[in-house]
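Results of the structural survey
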Amino acid sequence: MTIMLTDRPSFQALEAHYRQIHQRHLRDLFAEDPARGERMHAEAAGLYLDYAKNRITDETLRLLVALAEDCGLRKRIDAMFRGDKINLTEERSVLHTALRAPRGKCLAAAAVPDAGKPVQRVLGHMAKFANQLRAGEWLGFTGKPICNIVNIGIGGSDLGPVMAYEALRRYSKRQLNFRFVSNVDGTDFKEATRGLSPEKTLFIVASKTFTTLETLANAESAKQWALKKLRDPAAVARHFVAVSTAAEEVTAFGIDTKNMFGFWDWVGGRYSMDSAIGLSTMIAIGPKHFLEMLDGFHAMDEHFRTAPFDRNLPVLMGLLTVWYNNFFGAQTVAVLPYDQYLKRFPAYLQQLTMESSGKGVTLDGEAIATYQTGPIFWGEPGTNGQHSFYQLLHQGTKLVPCDFIGFRQALNPLGRHHDLLMANVFAQSKALAFGQEAPAGEPYRNFAGNRPSNTILAERLTPAILGALVALYEHSVFTQGVVWNINPFDQFGVQLGKVLAQEILPSLARDAPLPEDDSSTVALLRWYRAG
Ligand code: F6P
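What counts as what
The residue numbering used here restarts from 1 in each chain and proceeds along that chain's sequence as written. Predicted model: local features are reported for residues with pLDDT of at least 70 only, side-chain atom pairs are reported and counted for 80 or more only, and whole-chain, interface and lining totals are derived from all residues. Side-chain descriptors were evaluated using all non-hydrogen atoms of the structure, hydrogens and water having been removed beforehand. Throughout, exposure labels follow a simple rule: accessible area from a 1.4 Å probe, protein chains only, divided by the maximum for the residue type, with under 20% read as buried, over 50% as exposed, and the rest as partly exposed. A run of H or I in DSSP counts as a helix once it spans at least four residues, and a run of E counts as a strand once it spans at least two, with each numbered from the N terminus. The pairing criterion is simple: DSSP has to find at least two bridges between the two strands. Handedness of a crossover is defined as follows: orient the strands so they point away from the viewer, and if the path from the first strand over the helix to the second runs clockwise, the crossover is right-handed. Lines fitted to the C-alpha atoms define the axes, with helices restricted to the stretch that makes contact. Angles between their N-to-C directions range from 0 to 180 degrees. Here is the rule for angles: anything less than 35 degrees is roughly parallel, anything more than 145 is roughly antiparallel, 65 through 115 is roughly perpendicular, and the remaining ranges are oblique. In a left-handed crossing the near helix is turned counterclockwise from the far helix by less than a right angle, and in a right-handed crossing that turn is clockwise. Every residue pair with non-hydrogen atoms within 4.5 Å of one another is taken to be in contact. Residues are sorted three ways: Asp, Glu, Lys and Arg are charged, Ala, Val, Leu, Ile, Met, Phe, Trp, Tyr, Cys and Pro are nonpolar, and all the rest, Gly among them, are polar. Between 30 and 60 degrees the pair is tilted, below 30 it is stacked and above 60 it is edge-to-face, where a pair is any two Phe, Tyr or Trp rings, Trp via its six-membered ring, whose centres lie within 6.5 Å. Working definition: residue near molecule or strand if any one of its non-hydrogen atoms lies within 4 Å of it. The definition of a polar contact used here is a pair of N or O atoms within 3.5 Å, where within protein one atom must be able to donate a hydrogen and the other to accept one, and adjacent residues in sequence count solely through side-chain atom pairs. In short, Shrake-Rupley with a 1.4 Å probe defines the accessible areas, and a residue's cover is counted only from the protein chains shown. Exposure above 30% relative accessible area and no salt bridge define the residues that can form patches, which grow by joining like charges within 9 Å and nonpolar side chains of Val, Leu, Ile, Met, Phe, Trp and Tyr within 5 Å. By convention in these notes, a salt bridge is any Lys or Arg side-chain nitrogen within 4 Å of a carboxyl oxygen on Asp or Glu.

This paragraph deals with the pairing of strand β3 (residues 148–152). Burial analysis of β3 places 5 of its 5 residues in the buried class, the great majority of the element. Side chains of β3 alternate between two faces, with Asn 148, Val 150 and Ile 152 and Ile 149 and Asn 151 buried alike. Across 5 bridges, the pairing between β3 and strand β4 (residues 177–181) is parallel. Bridged to Ile 149 within β4 is Phe 178. In this fold, the crossover linking β3 to β4 by way of helix α7 (residues 159–167) has right-handed handedness. In the sheet, β3 pairs with strand β5 (residues 201–206) via 5 bridges, with the strands oriented parallel. Each residue of the ladder has a partner; that of Val 150, found in β5, is Phe 203.

Glancing now at unusual backbone geometry. Between Gly 382 and the following residue, Thr 383, the backbone shows a cis peptide bond with an omega angle of 10 degrees. Considering the arrangement of structural elements, one finds Thr 383 in the loop between β9 (376–378) and α15 (390–395). One non-glycine residue, Phe 210, lies in the positive phi region at around 55 degrees. Even without glycine at this site, Asn 450 takes up a positive phi of about 65 degrees.

Tracing the chain through its elements places Glu 437 in the loop between α16 (417–434) and β11 (453–458). Given a relative accessible area of 70%, Glu 437 falls into the exposed group. Placed 55 residues apart in sequence, Glu 437 and Phe 492 show a C-alpha to C-alpha distance of 48 Å.

With respect to the helices and strands, the residue Glu 516 is situated in the loop between α18 (495–504) and α19 (519–530). For the pair Glu 516 and Leu 392, spaced 124 residues apart in the sequence, the C-alpha separation amounts to 44 Å.

Take the packing of helix α13 (residues 313–326) against helix α17 (residues 463–484) next. Across the interface, α13 lies against α17 with an axial gap of 7 Å and an inter-helix angle of 50 degrees. Relative to α17, α13 is oriented oblique. For the crossing formed where α13 meets α17, the hand is right-handed. Contacts between α13 and α17 involve Leu 313, Pro 314, Val 315, Met 317, Gly 318, Leu 319, Thr 321, Val 322, Asn 325 and Asn 326 from the former and Leu 472, Tyr 473, His 475, Ser 476, Thr 479, Gln 480, Val 483 and Trp 484 from the latter. For the contact of α13 with α17, a count of residues per class yields 10 nonpolar, 8 polar and no charged.

Turning to the packing of aromatic side chains, a few remarks are in order. Within this structure, the stated rule accounts for 26 aromatic pairs. With a centroid separation of 4.8 Å and 35 degrees between ring planes, the pair formed by Phe 11 and Phe 327 is classed as tilted. Separated by 316 residues along the polypeptide, Phe 11 in helix α1 (residues 9–21) and Phe 327 in the loop between α13 and β8 (332–337) bring together distant segments of the chain. Given the relative accessible area of 2%, Phe 11 is considered buried. Given the relative accessible area of 9%, Phe 327 is considered buried. The interplanar angle of 50 degrees and the centroid separation of 5.4 Å between the aromatic rings of Tyr 324 and Phe 328 together place this pair among those described as tilted. Exposure class is identical for Tyr 324 and Phe 328. Each is buried. Ring pairs connect the aromatic residues Phe 11, Tyr 18, Trp 323, Tyr 324, Phe 327 and Phe 328, which therefore count as one cluster.

Further remarks concern the sheet that holds strand β2 (residues 47–50). Spatial ordering of the open sheet is given by β1-β2-β11-β10-β8-β9, a layout of 6 strands whose pairing is mixed. Two strands close off the open sheet at either side, each with one partner strand: β1 (41–44) and β9. Pairwise comparison of adjacent strand axes, ignoring direction, gives a mean angle of 15 degrees for this sheet. Bridge count for β2 against β11 is 3 bridges, and the pairing is antiparallel. Looking at β11, one finds that Leu 49 is bridged to Ile 456.

Here we come to the site of the ligand. Taken together, 14 residues sit near the ligand, with Ser 157, Ser 207, Lys 208, Thr 209 and Thr 212 positioned nearest. Within the backbone of Lys 208, a nitrogen or oxygen atom sits 2.7 Å from an oxygen atom of the ligand. Glu 355 is positioned such that a nitrogen or oxygen atom in its side chain is 2.7 Å from an oxygen atom of the ligand. Alone, the ligand offers 390 Å² of accessible surface; in the complex the protein occludes 88% of this. Each residue belonging to the shell around the ligand can be placed in one class, and the counts come to 2 nonpolar, 9 polar and 3 charged.

Before going further, it helps to examine the side chain of Glu 474. Here Glu 474 shows up in helix α17. Aside from chain neighbours lying at most four places away, what touches Glu 474 is His 96, Arg 100, Tyr 271, Phe 297, Tyr 348 and Leu 352.

With that out of the way, let us pick up a nonpolar patch on the surface. Taken together, the side chains of Leu 505, Leu 508, Trp 527 and Tyr 528 present a nonpolar region at the surface, about 500 Å² in accessible area. Following the sequence through the fold, Trp 527 ends up in helix α19.

Moving on, we get to the side chain of Gln 386. Within the secondary structure, Gln 386 is located in the loop between β9 and α15. Looking at Gln 386, the relative accessible area reads 17%, which means it is buried.

Applying the stated criterion to the full structure yields 21 salt bridges. Here Arg 408 ties to Glu 459 by a salt bridge, and the two come within 2.6 Å at their closest N and O atoms. Linking Arg 408 in the loop between β10 (402–407) and α16 with Glu 459 in the loop between β11 and α17, this pair joins segments that are 51 residues apart in sequence. Between Glu 442 and Arg 445 there is a salt bridge, with the nearest N and O atoms lying 3.1 Å from each other. Residue classification places Glu 442 among the partly exposed residues on the basis of a relative accessible area of 21%.

Right, dumping it as structure tokens:
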């Protein structure tokens with residue numbers, strides 16, 4: 001049985017240290033150490049992380065690194081890259097890092113020995129298909145080139161594709177039109193297909209399991225929508241492809257496995273945007289840019305695997321999250337990208353972080369009662385957030401650690417816009433950290449400051465930088481999971497609601513007997529059926 005986090009001497013040393021330094025103000029920490037801003041940064045894979053505006057000293061960092069070592073982070077990193085079945089509850093390896101390992105590169109003594117070969121085979125299949133579509137050579141059933149691509153998927157089979165499409169839109173083929181359908185709410189499908197010609201539309205049905213209710217319902221509606229116009233079931237082969245690990249289910253749906261792009265049970269849904277789940281991304285930006293994105297992921301993987309913890313970006317960010325979550329009692333982390341193309345990045349991170357870290361039992365199956373696990377991640381692009389919720393960040397009673405993300409070069413230079421944008425990044429983290437005293441008699445103008453943030457900078461938003469950024473958060477979440485001794489790779493918490501929805505479904509029919517259920521659910525059903 002592993003020792004409980006709170007019983008570890010390394011954790012208790014941090015508790016004692018917290019008591020000593022938690023009231024220290026960032027103003028004083030900076031005043032005492034003029035080199036702090038230069039010193040407290042780390043760089044890897046094209047990313048520059050400034051962590052100087054955190055409520056830490058060198059001793060804090062030393063103790064956090066000691067905690068990571070005590071929790072066995074080094075061994076756990078090696079076990080993940082080696083392909084050990086570290087997803088204990090599902091008895092699976094966790095090898096999303098194999099998806100972006102360069103061709104021919106042997107993963108360190110991989111327990112999944114041939115992972116590289118099928119990865120390259122699927123990448124080749126994706127590239128061939130993407131190139132045909134991009135060249136207008138993939139024709140629909142009636143001989144017209146496909147120009148609309150609709151990705152149907154949910155969770156990891158949607159959030160990665162839509163985030164990457166938005167993030168890399170600048171690199172996308174503009175003649176192609178991309179839409180994304182995830183919600184089982186019919187509005188999503190109706191609006192996404194509005195104005196599209198079935199003759200020119202391709203659906204990518206993306207589902208790891210191919211059993212997800214929302215995706216199957218949308219895929220079924222898509223089939224009806226297409227066949228209403230195309231009339232012949234043989235048309236499905238030209239207008240539907242699948243991305244899945246489940247060949248049998250794909251065939252049962254009517255999609256030829258020739259048109260299926262596979263992946264493997266060692267890729268978690270929320271870690272799958274660089275697998276075949278990224279097919280829509282590859283079609284949009286082309287195989288070359290897609291491979292550059294994989295290179296960016298890989299550069300961060302290698303950094304995470306090999307860099308000393310005190311210079312390791314994902315380890316530093318993971319440990320800082322632990323610091324605020326477990327010692328300062330912070331409940332949330334705000335992610336604030338100052339780039340409009342990253343508008344879906346916070347939504348993407350919500351699944352990555354919260355489906356991974358929203359756990360209440362340890363790897364040994366013990367209920368966690370003495371410490372907190374995953375915080376809530378949320379955010380919006382700057383500067384929009386500034387005119388919305390930043391008021392609370394600056395003057396509210398809650399501590400919200402922030403991650404600012406910005407770029408030196410604009411992808412769409414326009415007058416002084418980029419300088420204005422970046423001036424706001426630097427101003428916001430400064431205002432949060434140092435605050436400003438109120439004029440006498442005007443306490444509502446007081447900015448107490450001492451509100452921590454990281455700033456992540458890069459030259460410009462490229463496919464490689466996006467890969468590095470996503471891998472940074474993936475491995476930061478892994479680091480947190482090791483400290484909290486949880487399994488970041490399962491998601492049993494989503495099951496109960498799914499099962500209950502299936503149970504409740506028949507009771508929505510007016511003539512069905514009302515179930516013997518709790519009185520609130522029965523009252524809600526009665527109201528719904530009465531209309
Ligand atoms: O319900 C949660 C979940 O299992 C996610 O983990 C996953 O990304 C999503 O559903 C979609 O699953 P699938 O790709 O199998 O349709």
